[in-house]
Amino acid sequence: MRFASVILDIPTQALDAPYTYAVPEAPAEAGGYDVEVGCAVLVPFGHRQAVGFVVGLQELPDGEAPAGIDAAKVKPVVRAVSPAYFDEEGAACAQWLSERYLAPLSSCVRLFTPPGGVPRMVRAQAGYWRLEEPAVGEVDDRWVLPGAAFDGFEPRKNAVKQASIVEALQAGELRVAELAAEFGAVSSTLKALEKQGVVRIERRRRIRGMPPGSPGVPEGPGTSGTSGFTPSPKPPLTAGQASALAAIDAARERGAGEVVLVDGVTGSGKTEVYLQAIEAALAAGRTACVLVPEISLTPQTVGRFRGRFGDTVAVMHSRMGAGERYDQWDFIRSGAARVVVGARSALFTPLANVGLIVIDEEHEGSYKQDSAPRYHARDVAVWMARRAGAAVVLGSATPSIEALYACAKDPRWHHVELPERANGRPLPAVQVVDMAKEFGGGSRSMFSRALSRALAEELAAGRKAVLLLNQRGFAKFLLCRECGFVPECPSCSTSLTFHERGNFLICHHCGYRVTAPPACPECGSPYLKKFGAGTQRVEADLRVLLDATPGVGPGVPIVRMDADTTGGKGAHQRLLEEFAAADAAVLLGTQMIAKGLDFEDVTLVGVINADTMLRLPDYRAAERTFALVEQVAGRAGRAELPGRVLVQTYEADAAPIRAAAAYDRALFLRDELPKRRMLRYPPYVHMANVLVWGKDEEAVRTSAAALYEGLAARVRDYGGEGWDVLPATPCVLAKLRGTYRWHLVVKCPLDGDLSGVLLPYFRARKPEREVNVAVDMDPDDLL
């Protein structure tokens, strides 16, 4: 008899183990599904039925049951309600994710299912539960083709609709929907023509979001595709590119799950290295998965991969509709896709025989999932590669400190550098503008004199500029506009957060609190204000500046890219096309414009306020500032025209600013790493951020305090030397969307099993009705 291990599709820690069910011996009914690993099944659960996912099957002699289970009490699976979404390897990965990131197992399994394509149980108004079919699925279009009697057919004189359809088909086959749009109701007419053999009607799979014949539409029976594909030409590689490619090929051929960090300046040709490494993997019979940050998933990026690999490229990202994502997922499952390009979730698509996983812009925070399971794509990719005998490629002009540290400590990590641009052009010169001196000299504008002059010169000459507003909406720190002083925590080396209610400053790491000063403690200036300005205000002030600038004026467009302007489908690409089409223009945006943009006529990059992220109360603030300034600087001077970069800051002497301006990573690391080591932050420790939130402030505070006591005891008993549990404090965003938020941090040495110590505690903990708790392993920030 067969037994199925089933994870119920109910995301709670209380049900976080497989349930055992008997598999009926009768075969599935015609048109039904077999019970196999990866499929969704309907099972009895208590007084109702539930949907679950099969993660394991076991065959035992009749009368026997799995160890520790009474065979008489095992209930049978009602039926399978889907095909297999994943295999045993996917089930193993879901189990690992659940244990590694302390996440509900059902949430981890869900990563491997098609977007919107899973049956689920819903509660009807009458109180009973019913199975709801998937919201999306395959789309079968009906096509009309000439039949055997088509050529000699003469419709009756009064059969006007028949004559119209036959005439339309003279030009070639058509969809029923197209005929209906032209001629109205055609169903009965088509039935009559089909009965006479004049036409044939076929059902064909349609890939949403793509017209027939587009790249990415799979060839094969019942589909449309392209043939005679000619790959885009391969440019000759520089010596650095050739060396990087050789390292990647060697790592893949060894099949040991090794990692190659391609550390290349902006414009050094990292993408061409990826393309040729993927080509080699495909030639060896393997497949490839390419992850890029969501905001970089533009048609320009996707086009480079489809230009080289044609119809074999599938694309997955959140700006696609649910139906489009389902079709691409199904295209991958069919085996027709050999290359998948997408955001972090593309890791979990059913791509078989993966030989290469590429993570571009690996330093990007978007590779960390911010809801359960709170995984990091880099760590999951490495786990997958070691299981599959594949290689991982990490690419960045500003690699994360963790990646650089791993290259120095782990023999399975390899570091290759591309220190020069592929076209031989120099990196643009970077000028740091001290805004404290500007303010002291009487300037009150958010645009320095130097930036205003540079905008006038470049725009009047018909060239383009990119302006970055380094903004985080909740960055409420105080900054003195006279001297640049920012109040800091004496214990944590991070800025204090300003709270208007109560007029106080607080450290959201250790809880240190002090009344906000009325004047600057350093220089006595009264100009001590909250820092930050929104993109709309900057756009308005910039419009006034440009309109008053001789040779520029109202004819020069400002293209604003932020969360407000890019929310709609296709908005991101439309705005970039608007910027590209203009002769002279300014692209004003938030962090989304700092990477992935490649415009030959951009000659000026300005950073409006480099301090906002630098002064966030977070241990990664300096690293993010360094990376952002260096990344956005790389948008200038990418072709024949020289580029220049102006970075406005109130902290001209800060190490991240000086280092980025000089393209000197060593300078930055010499300043940053001793602080990380002394304060015990990554890469020198593992961390877990335990988040507590709810509507009742007192209940949240009480629960956070109890968690601190419980975790401190757990760590004392099972942790060891070098383990710490920091007291519970309010989060930086202490109240968000009506919920109060607290957190506490657990740290352990790099060789400590942080998940192993915390997992039993949280699995045994009983949920509270009014308070939610989640654990963020290796958090990207502590905000």
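The model shown is predicted, which means the values in this text are computed figures rather than measured ones.

Participant: Help me out: how do you make sense of the sheet that holds strand β2 (residues 19-22) in this one?
Facilitator: Strand pairing in a sheet takes place through backbone hydrogen bonds and is either antiparallel or parallel in direction. One open sheet accounts for 5 strands, arranged β2-β1-β4-β3-β5; its pairing is antiparallel. Only two strands of the sheet have a single neighbouring strand rather than two, namely β2 and β5 (79-80). Pairing between strand β1 (residues 2-8) and strand β4 (residues 48-59): 7 bridges, direction antiparallel. Its bridge partner lying in β4, Ile7 is registered against Phe53.

Participant: How should I be thinking about empty space enclosed by the protein in this particular structure?
Facilitator: Regions of empty space are outlined by a rolling probe, equal in size to a water molecule, passed over the atoms. For the structure shown, the criterion picks out 4 cavities of 30 Å³ or more. Space inside the second largest cavity adds up to approximately 60 Å³. As for the second largest cavity, its lining consists of Thr398, Pro399, Ser400, Ile401, Leu404, Glu623, Phe626, Ala627, Arg665, Phe668 and Leu669. For the lining of the second largest cavity, the elements supplying multiple residues, two or more each, are α11 (401-409), α17 (621-633) and α19 (665-679).

Participant: Help me out: how do you make sense of the packing of aromatic side chains in this one?
Facilitator: By convention here, two paired aromatic rings are described through the distance between centres and the angle between planes. For the structure shown, the criterion picks out 12 aromatic pairs. Pairing Tyr761 with Phe762 gives two aromatic rings, centres 5.2 Å apart and planes at 85°, and the pair type is edge-to-face. By relative accessible area, Phe762 is classed as buried at 8%. Joined through ring pairs, the aromatic side chains of Phe86, Phe112, Phe348 and Tyr375 make up one cluster. Positioned above the aromatic ring of Tyr101, the side-chain terminus of Arg100 is 4.8 Å from the ring centre. When the ring centre of Phe579 is taken as reference, the NZ or CZ atom of Lys464 above it lies at 5.7 Å.

Participant: Looking at this structure, how should I read the nonpolar core?
Facilitator: Generally speaking, soluble globular proteins have nonpolar side chains that are buried together. Counting 83 residues, the largest nonpolar core has Leu97, Leu347, Val380 and Met384 as the members making the most contacts within it. The greatest single-element share of this core, amounting to 7 residues, is contributed by helix α10 (residues 377-388). Apart from the residues within four sequence positions on either side, Val380 is in contact with Cys93, Trp96, Leu97, Tyr101, Leu347, Phe348 and Tyr375. Grouped together as the second largest cluster of nonpolar side chains are 41 residues, Ala610, Ala622, Ala660 and Leu667 included.

Participant: What's the story with the packing of helix α1 (residues 88-100) against helix α21 (residues 754-764) in this structure? I'm lost.
Facilitator: The packing of two helices is summarised by the inter-axis angle and the distance between the axes. It is the contact of α1 with α21, at a shortest axis distance of 9 Å, that shows an interaxial angle of 85°. It follows from the interaxial angle that α1 and α21 lie roughly perpendicular. For the pair formed by α1 and α21, the contact residues are Ser98, Glu99 and Arg100 on the first element and Ser755, Leu759 and Arg763 on the second. The residue makeup of the contact of α1 with α21, split by class, is 1 nonpolar, 2 polar and 3 charged.

Participant: I tried to follow the environment of Met435 on my own but got confused; where do I start?
Facilitator: Of note, Met435 is situated in helix α12 (residues 435-440). Sequence separation between Met435 and Gln648 is 213 residues, and the spatial gap between their C-alpha atoms is 6.2 Å. Filtering out sequence-adjacent residues up to four positions away, Met435 remains in contact with Ser445, Met446, Ser448, Gln648, Thr649 and Tyr650.

Participant: It is not clear to me how the sheet that holds strand β23 (residues 513-515) should be interpreted in this structure. Could you clarify?
Facilitator: With antiparallel pairing, the 3 strands of this open sheet are ordered in space as β21-β22-β23. The sheet is open, and its two edges are formed by β21 (497-499) and β23, each paired on a single side. Taking the axes of each pair of neighbouring strands and ignoring which way they run, one obtains an average angle of 30° across the sheet.

Participant: Quick question: what am I supposed to make of the environment of Glu420 here?
Facilitator: Within the secondary structure, Glu420 sits in the loop between β17 (413-418) and β18 (429-434). On a C-alpha basis, the gap between Glu420 and Val265 in space is 6.4 Å, while along the polypeptide they are 155 residues apart.

Participant: Where do I start with the pattern of salt bridges in this structure?
Facilitator: A side chain with one charge can pair with a side chain of the opposite charge if their charged atoms come near. Evaluation of the coordinates by the stated rule reveals 35 salt bridges. A salt bridge links Asp263 to Arg665, with the nearest nitrogen and oxygen atoms 2.6 Å apart. With Asp263 in strand β11 (residues 259-264) and Arg665 in helix α19, this pair connects stretches of sequence that are 402 residues apart. As far as the burial class goes, Asp263 and Arg665 line up, both buried. Between Asp780 and Arg620 there is a salt bridge, and its shortest N-O distance comes to 3.7 Å. Placement of the pair is Asp780 in the segment after β33 (771-777) and Arg620 in the loop between α16 (611-614) and α17, with a sequence separation of 160 residues. Accessibility assignment for this pair places Asp780 and Arg620 in one class, buried. Through salt bridges with shared partners, a single network forms among Glu402, Asp618, Arg620, Glu623, Arg624, Glu672, Arg676 and Asp780.

Participant: Help me understand the packing of helix α3 (residues 160-169) against helix α5 (residues 187-195) in this model?
Facilitator: Taken N-terminus to C-terminus, the directions of α3 and α5 make an angle of 70°; their axes are 10 Å apart at the nearest point. By the angle between their axes, α3 is roughly perpendicular relative to α5. Contact residues: Lys161, Gln162 and Ile165 in α3; Thr189, Leu190, Ala192 and Leu193 in α5. The residue inventory of the contact of α3 with α5, partitioned by class, reads 4 nonpolar, 2 polar and 1 charged.

Participant: Got a minute to help me understand α11 in this structure?
Facilitator: Since the α-helix turns once every 3.6 residues, residues separated by three or four places project in the same direction. Within the sequence span of α11, burial applies to Ile401, Glu402, Ala403, Leu404, Ala406 and Cys407. Residues of α11 that are buried in the fold lie against β11, α10, β16 (391-396), β17, α17 and α19.

Participant: Help me understand the state of the cysteines, please; the structure alone is not making it clear to me.
Facilitator: When the sulfur atoms of two cysteines share a covalent bond, that bond is a disulfide. Scanning the entire structure with this criterion turns up 0 disulfides. Unpaired in terms of disulfides, Cys93 finds its nearest cysteine sulfur in Cys108, a separation of 8.5 Å. Judged by relative accessible area, Cys93 falls into the buried class, the value being 1%.

Participant: Please explain helix α20 (residues 697-718) as it appears in this structure.
Facilitator: Between the first and last C-alpha of α20 there are 31 Å, a value that for 22 residues agrees with the 32 Å anticipated at 1.5 Å per step. Buried within α20 we find Ala699, Val700, Ser703, Ala704, Leu707, Gly710, Leu711, Ala712, Arg714 and Val715. Packed against the buried residues of α20 are β29 (685-694), β30 (724-725), β32 (739-749), α21 and β33. Among the residues of α20, the N-terminal cap falls to Asp696, whose side-chain oxygen and the backbone nitrogen of Glu698 are separated by 3.0 Å. In the stretch just after α20, Gly720 is the one whose phi turns positive, near 145°.

Parameters and conventions
Residues numbered from 1 in each chain as written. Predicted model: local features only at pLDDT ≥ 70, side-chain atom pairs only at ≥ 80, totals over all residues. Heavy atoms only, no water. Pairing = 2+ DSSP bridges. Helix = DSSP H or I, 4+ residues; strand = E, 2+ residues; numbered from the N terminus. 1 Å grid on protein atoms, 1.4 Å probe; cavity = no way out; pocket = protein on both sides within 12 Å on 5 of 7 lines; lining within 4 Å. Points joined across faces, edges and corners; volume = space filled by probe spheres on them. Phe/Tyr/Trp six-rings, centres within 6.5 Å; stacked < 30°, edge-to-face > 60°. Buried < 20%, exposed > 50% of the residue type's maximum accessible area, 1.4 Å probe, protein only. Lys NZ or Arg CZ within 6 Å of the ring centre and 35° of its normal. Core = buried A, V, L, I, M, F, W, Y, C linked by side-chain atoms within 4.5 Å. Contact = heavy atoms within 4.5 Å. Axes fitted to C-alpha atoms, helices over the stretch in contact; angles between N-to-C directions. Parallel < 35°, antiparallel > 145°, perpendicular 65-115°, else oblique. Nonpolar A, V, L, I, M, F, W, Y, C, P; charged D, E, K, R; others polar. Salt bridge = Lys/Arg side-chain N within 4 Å of Asp/Glu carboxyl O. Disulfide = S-S within 2.5 Å. Expected span 1.5 Å × (residues − 1). Polar contact = N/O pair within 3.5 Å; in protein donor to acceptor, adjacent residues only side chain to side chain.

None of this, on its own, says anything about what the molecule does.
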